[in-house]
Amino acid sequence: MRIGEPSQEQLRRTFESVLTNVLSGRGVRTETGLDSPTENALWAIRYAFPEAPDALVAAAYRAFAGQLDGSNAAAWQAEMDRRITERGSRPCPPVPPADRGPLPRPGP
């Protein structure tokens with residue numbers, strides 16, 4: 001069990017190991033410390049096996065660079081902020097009256 005966040009060096013070794021696995025037809029391990037965009041890019045390589053184009057490998061490296069520089073996390077946060085703002089701008093549904101009487105009993 002790892003305590004705390006993995007270092008960048010640990011993440012690099014993990015990324016290279018998982019990339020080697022998916023290029024060999026194996027899947028992405030769980031609990032790698034890699035973020036969702038990076039894992040998704042690695043799975044795309046796996047699904048293209050045995051003919052994974054270089055463009056998919058390059059996309060995985062870009063996704064991993066986004067994890068290391070924080071841009072993946074920033075994009076995720078911006079999307080969550082946008083969704084919360086969008087939800088806040090919708091009118092709230094009416095609140096039902098507090099006392100609506102007893103609930104009906106189910107039939108036999």
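What comes next concerns the included structure. All values derive from a computational prediction rather than experimental measurement. (Residues numbered from 1 in each chain as written. Predicted model: local features only at pLDDT ≥ 70, side-chain atom pairs only at ≥ 80, totals over all residues. Heavy atoms only, no water.)

1. Things to note about the packing of aromatic side chains
Inclusion rule: We call Phe, Tyr and Trp rings a pair once their centres come within 6.5 Å, taking the six-membered ring for Trp, and we label the pair stacked below 30 degrees between planes, edge-to-face above 60, and tilted otherwise. Secondary structure elements follow DSSP: runs of H or I no shorter than four residues count as helices, runs of E no shorter than two count as strands, and numbering proceeds from the N terminus. Each residue is assigned to one of three classes by its accessible area relative to the maximum for its type, calculated with a 1.4 Å probe on protein chains only: buried under 20%, partly exposed between the two thresholds, exposed over 50%.
A full pass over the atoms with the stated rule returns three aromatic pairs. With 5.1 Å between their ring centres and 70° between their planes, phenylalanine 15 and tyrosine 61 make a pair best called edge-to-face. Of the two residues, phenylalanine 15 sits in helix H1 (residues 8–23) while tyrosine 61 sits in helix H3 (residues 54–69), which places them 46 residues apart along the sequence. Since its relative accessible area comes to 0%, phenylalanine 15 is described here as buried. Its relative accessible area of 37% is what places tyrosine 61 among the partly exposed residues. Taking the centre distance of 4.4 Å and the plane angle of 5° together, the rings of phenylalanine 15 and phenylalanine 64 count as stacked. Of the two residues, phenylalanine 15 sits in helix H1 while phenylalanine 64 sits in helix H3, which places them 49 residues apart along the sequence. Each of the two residues, phenylalanine 15 as well as phenylalanine 64, counts as buried.

2. A closer look at unusual backbone geometry
At the junction of phenylalanine 49 and proline 50, the peptide bond is cis and its omega measures out at 10° in the coordinates. On the secondary structure map, proline 50 appears in the loop between helix H2 (36–48) and H3. Phi at glutamate 31 takes a positive value of approximately 55°, unusual for a residue other than glycine. Assignment of secondary structure puts glutamate 31 in the loop between H1 and H2.

3. Thoughts on the side chain of threonine 38
Quick reminder of the rule: Within 3.5 Å is the distance limit for a polar contact, defined as a pair of N or O atoms, with the added protein rule that one can donate a hydrogen and the other accept it, and that residues adjacent in sequence qualify only through two side-chain atoms. Residues are treated as being in contact if the distance between any of their heavy atoms lies within 4.5 Å.
On the secondary structure map, threonine 38 appears in helix H2. Separated by 3.2 Å, the side chain of threonine 38 and the backbone oxygen of alanine 63 make a polar contact. Threonine 38 has contacts with Phe15, Ala63, Phe64, Gln67 and Asn72, leaving out every residue within four places of it along the chain.

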